[in-house]
Amino acid sequence: MDFQNNAGPETANEEDIFVPSDDVREHLVVVGNGMAGCRAIEELLARDAGRYRVTIFGAEPYVNYNRIMLSPVLAGEKSFDDIIINSREWYDDNQIELIAGDPVTGIDRTAKTVTSQSGRTVGYDKLLIATGSDPFIIPVPGKDLPGVISFRDMKDVDTMLEAAGKGGNAVVIGGGLLGLEAAHGLTLRGMKVTVIHLMDTLMERQLDEAAGWLLKTALEGRGQTILTGANTESIYGDGKVEGVRLKDGTEIPASLVVMAVGIRPSTALAREAGLDVNRGIKVDDHMVTSDPDVLAVGECVEHDGNVYGLVAPLWDMCRSLADGLTDQHTGYKGPVTSTKLKVAGLDVFSAGDFSGGEGCEDIVLRDASRGVYKRVVVKDDKVIGAVLYGDTADGGWYFDLLKREEDVGKIRDLLIFGQAFASGGGALDPKAAVAALSDDAEICGCNGVSKGQVVGCIEMGACSLDAVRATCKASASCGSCTGLVENLLAVVLGDDVQSGPKTMCKCTSFGHDDVRREIVAQNMRSIPEVMQKLHWSTPDGCSSCRPALNYYLLCALPGEYVDDQQSRFVNERMHANIQKDGTYSVVPRMWGGLTNPRELRAIADVVEKYDAPMVKVTGGQRLDIFGIKKEDLPAVWADLNAAGMVSGHAYGKSLRTVKTCVGSEWCRFGTQDSTGLGVKTERMTWGSWMPHKFKIAVSGCPRNCAEATIKDFGVVCVDSGYELHVGGNGGIHVRATDLLCKVSTEQEALDYCAAFTQLYREEARYLERTAPWIERVGVDYVKQRIVEDDAGREALRARFLYSQSFSQEDPWAQRAAGAESELHQHLEPIAIAAE
Amino acid sequence: MTDWIDIGTLADIPQRGARTVQITGEKEIAVFRTSDDKVFALVNECPHKKGPLSQGIVHGHSVACPLHNWNIALKTGEAQGNDEGCTPTIAVKEEGGRILIARPTALKAAA
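Residues numbered from 1 in each chain as written. Chains lettered and ligands numbered in written order. Predicted model: local features only at pLDDT ≥ 70, side-chain atom pairs only at ≥ 80, totals over all residues.

Right, let's get into the overall build of chain A. Broken down by element type, chain A carries 27 helices and 38 strands. Counting the 835 residues in chain A, one finds 48% classified as buried. In chain A, the proportion of contacts linking residues at least 24 apart, taken out of those at least 6 apart, comes to 64%. (Helix = DSSP H or I, 4+ residues; strand = E, 2+ residues; numbered from the N terminus. Buried ≥ 20, exposed ≤ 12 C-beta atoms within 10 Å, placed from the backbone. Contact = placed C-beta atoms within 7 Å.)

Of the residues lining the interface, 28 residues belong to chain A; the matching set on chain B comes to 37 residues. Within the side of chain A that touches chain B, the residues separate by chemical class into eleven nonpolar, eleven polar and six charged. (Nonpolar A, V, L, I, M, F, W, Y, C, P; charged D, E, K, R; others polar.)

Most peptide bonds are trans, and most residues other than glycine sit at a negative phi. Residues and elements named next belong to chain A. The residue lysine 112 is not glycine, and still its phi comes out positive at about 55 degrees. By the secondary structure assignment, lysine 112 is in the loop between strand 6 (104-108) and strand 7 (113-116). Of note, glutamate 707 is a non-glycine position whose phi angle comes to about 55 degrees, a positive value. Examined against the element boundaries, glutamate 707 turns out to sit in the loop between strand 35 (694-699) and strand 36 (713-718). Given 16 C-beta atoms within a 10 Å radius, glutamate 707 is considered partly exposed.

All right, on to helix 16 (residues 512-521) of chain A then. All names here are of chain A. Among all positions of helix 16, only His512, Val515, Arg516 and Ile519 are buried. One side of helix 16 carries all its buried residues, which in axial view fall inside an arc of 95 degrees. Counted as exposed and oriented over 90 degrees from the buried face of helix 16: Asp513, Arg517 and Ala521. Along its buried surface, helix 16 packs onto helix 17 (527-533) and helix 18 (545-556). One or two steps after helix 16, the chain reaches asparagine 523, where phi turns positive at roughly 50 degrees. (Arc of directions from axis to C-beta.)

How two helices pack is summed up by the angle between their axes together with the distance between the axes. Residue and element names in this part refer to chain A. Direction vectors running N to C along helix 23 (residues 746-763) and helix 25 (residues 779-788) enclose 135 degrees, while the axes themselves pass 10 Å from each other. On the basis of the axis angle, helix 23 is oblique to helix 25. Two packed elements cross with a definite hand, and for helix 23 against helix 25 that hand is right-handed. Contact residues: helix 23 offers Tyr752, Ala755, Phe756 and Leu759, while helix 25 offers Val782, Arg785 and Ile786. In the contact of helix 23 with helix 25, the residues fall into six nonpolar, no polar and one charged. (Axes fitted to C-alpha atoms, helices over the stretch in contact; angles between N-to-C directions. Parallel < 35°, antiparallel > 145°, perpendicular 65-115°, else oblique. Left-handed = near helix turned anticlockwise from the far one by under 90°.)

In this section: the sheet that holds strand 33 (residues 623-628) of chain A. All names here are of chain A. Taken together, four strands build an open sheet; the order of strands is 30-31-33-32 and the sheet is antiparallel. Edge positions in the sheet fall to strand 30 (577-578) and strand 32 (614-617), since each has one partner strand and no second. Pairing of strand 32 with strand 33, which is carried by four bridges, proceeds in the antiparallel orientation. From the neighbouring strand, methionine 614 faces strand 33, where its bridge partner is phenylalanine 626. (Pairing = 2+ DSSP bridges.)

The next subject is the environment of A:Cys444. Residue and element names in this part refer to chain A. Relative to the elements of secondary structure, cysteine 444 occurs in strand 28 (residues 442-444). Distance in space between the C-alpha atoms of cysteine 444 and threonine 482 is 8.6 Å, their sequence separation being 38 residues. Discounting chain neighbours no more than four positions away, the residues touching cysteine 444 are Val449, Ala474, Ser475 and Cys481.

The strands making up a sheet are joined through hydrogen bonds of the backbone, oriented either antiparallel or parallel. Residues and elements named next belong to chain A. Sheet architecture is open: five strands sit in the order 34-35-36-37-38, paired in mixed fashion. Of all the strands in the sheet, the pair left with one neighbour each is strand 34 (655-660) and strand 38 (738-743). Each neighbouring strand pair of the sheet contributes to a mean axis angle of 15 degrees, computed without reference to strand direction. By the bridge criterion, six bridges tie strand 36 to strand 37 (residues 721-726) in an arrangement that is antiparallel.

To continue, consider helix 22 (residues 674-685) of chain A. Residues and elements named next belong to chain A. The terminal C-alpha atoms of helix 22, which comprises twelve residues, lie 16 Å apart, in line with the 16 Å expected from a rise of 1.5 Å per residue. With nine of its twelve residues buried, helix 22 lies for the most part within the structure. Buried residues of helix 22: Ser674, Thr675, Leu677, Gly678, Lys680, Thr681, Glu682, Met684 and Thr685, and no others. In this fold, the buried residues of helix 22 make contact with strand 34, strand 35, strand 36 and helix 23. Taken from the residues just after helix 22, glycine 687 is the one with a positive phi, measuring 85 degrees. (Expected span 1.5 Å × (residues − 1).)

Turning to the confidence of the model for chain A, a few remarks are in order. Summing up the model confidence of chain A, the mean pLDDT is 86 and the portion of residues at 70 or higher is 90%. Within the model, the stretch residues 1-19 of chain A combines pLDDT values under 50 with 55 contacts to residues more than four positions away or in other chains. (pLDDT = per-residue confidence, 0-100.)

Time to look at the packing of helix 16 of chain A against helix 18 of chain A. Residue and element names in this part refer to chain A. The N-to-C vectors of helix 16 and helix 18 enclose an angle of 40 degrees; their axes lie 10 Å apart at closest approach. Regarding the angle of helix 16 to helix 18, the classification is oblique. Both helix 16 and helix 18 take part in a crossing whose hand is right-handed. Together, His512, Val515, Arg516, Ile519 and Val520 of helix 16 and Ala548, Tyr552, Leu553 and Ala556 of helix 18 make up the contact between the two elements. Residue composition of the contact of helix 16 with helix 18, grouped by class: seven nonpolar, one polar and one charged.

All names here are of chain A. Its place among the elements puts glycine 331 in the loop between helix 8 (311-325) and strand 23 (338-343). What makes glycine 331 exposed here is the crowd of 11 C-beta atoms within 10 Å. Sequence spacing of glycine 331 and methionine 287 is 44 residues, and the spatial spacing of their C-alpha atoms is 8.4 Å. What glycine 331 contacts, discounting residues up to four positions off in sequence, is Asp285, His286 and Ser320.

Now the structure itself:
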């Protein structure tokens, strides 16, 4: 964390004179505003918030941000704001003086002061050095040319983005994690990237040869050039970088060179101050340097002969340091490390010693088609190392076995297949796998959070992923353990995950019912208005909430609300059903399942004219024409309109079909004119938008040939009248209808149908079929509203018919006449001449 | 040198929507316009089952694939959340109200 070297003097933007406050508390000055420095302060505040007055110096002109997340910023997946750990408010709330953009240049241990680049001198009682590390720059000719950078801070990212904006070639020197992330980001930004790696295996410290090869192959598949065993001789260019020359004479042109060959502890400041420095600043178990009033933490320190470049050990150091500063004595113990990484979107895990050697056995599983490689190293019936590529789900379990030095002799044969098999559970249930982990098993490597801590915070009331992230920080950094945390939530809470009202989607804290009530109560009239008034957390919602809001507004404001096409699922926007190859199928309406020669001829003509590969009779008693291109849809509809047919809405959350049997007109068992009633019902209900699809059927006798008892609204005709059934479903969960009531006339059947449909339209949640809705509210409630409350039924019916007066305009005819042609037409095609 | 091809104006693309560009002998390209009027171009195929991304719901700087609701980042083409996969992107820029896409990357990505 190169706080001391990179920032220019022009960045100091705070007030010029530091005014010492009349605060009598001991003054803790932190040199370094990075992850370790701020985390140490967080740990300290958690223990004894008021004990020290704190001043933090940072070389970069920013608040504290998550340096690990620079890669997603480079890749365009996150913005700088997304990776801020502590905003300005955190500093203010905790009365921390932040002096950003003004690096400390000297420490006077006798006077107990530090001096910054801008000349500011500040006294301290305790000093914490958290200067992090500096990128290692290999000493080759040309290393100082403009365009040669490291990948360490926001300024480097900005430089890379600027270079990528111009396109061209980039060279990344170093095939470790950082180098590969830089290469990935630059590739995504459109640069042609070559990675130069001195060793023969990429990420050789984390991966063995086989996994390194898989990684190399995958990256090459993405268009990167990977040169292993390649030794940089010089960087050439006239006034700015133009390329890299290798020892073997190869020249690789490049307008940007990123050096990512490693980091070294940033110790210059400590060394000049006369502190004991070896590879890093030497510290004891409480992170105290050779001067008892000077502490150091993070990548700049050396503890027990070791220096660390990963995040997890740093967090442990910060805890030990804070314990020491608040007179609690635990002390830091060096860790066994494991690495679970996403390199350029590829899953990689390694732990322990996988170099092999005397007495070591390798157990290897390769699945070439899935791109999976697993290797577990066993010595004396104990796991001593593991390398996983492509499938890292069992990484935590292997690491757990390794740390506990568990005897794996009995499960050796199954070990490689992972925990679910080896533990004898048989079923590959990720929840069982998580449940079987021991309490001290590490879940979040970034923040050093164990299973026990996550479970503890869930039991204390963190019922959602976000709540867990906010409390114990598990899954809050790189996110690779999110699946584990979610499984733990499921294990601990069962069905109570995210307890409290279920929100509509992640864009809002309101549930469906709340949103709907507020739309009506506040007379909201557009999607942006709803999002504004109900504090949506996203600029324009998501693919879950937008269609729901569009429906709720449409239902609340018939004839007034202007439908938002871009908030419709593709099928409703295109008025046809998208198929797996991107073409559409077209289903014209056949009232009550009836048709005639003219309609059949028109359909036959369309099939031939547009070369439709298939035409099929549907379950809803009509014909489905497959394989129509989006640009041909308006012409197809024009042809069908010409024969008198309209949209069948087979694509919508809307009234689909009214299925009928032939009834008393022909059938010897028929009791009523079921076909006639079906046609009347469909004429009344077609075109209405619903929370979900809605199917009606009318059967002419209790033999029920139209299968009315698995429809949303079903009529079964009997001698004495009409049985009305509701809430049936023939889908994934078959549900037979509940009997709503029996009526004696056809008109009553139609009236009840209209009222029931409107009740469903007004009260079910979006994407909730009638079956789950009725199970939620109870059939007695529906009976009370439709059967027992005559005035209420009549009002519902009137509202339905009013709404229908706006919705029974054939959308196909509008499109055939040219409406919204941009949804169907391509932009001008491009002819590319052979180059 | 990047060769830029004029494909139309910003107004040709519906806000929070997309239009498609067909290139002779190459994969179709989807050109998206977000609510903040940023323009992105991707091969019109979801990395999952090749669903036509141009027909998805555009929200923020992402599009939800119309076939199985995978969310694809418009800037990078990467699948979001737990899904993994990447759709090739094509460099795009706006100049004097016209939308231009890069020819070589378009060819390479679509190849």
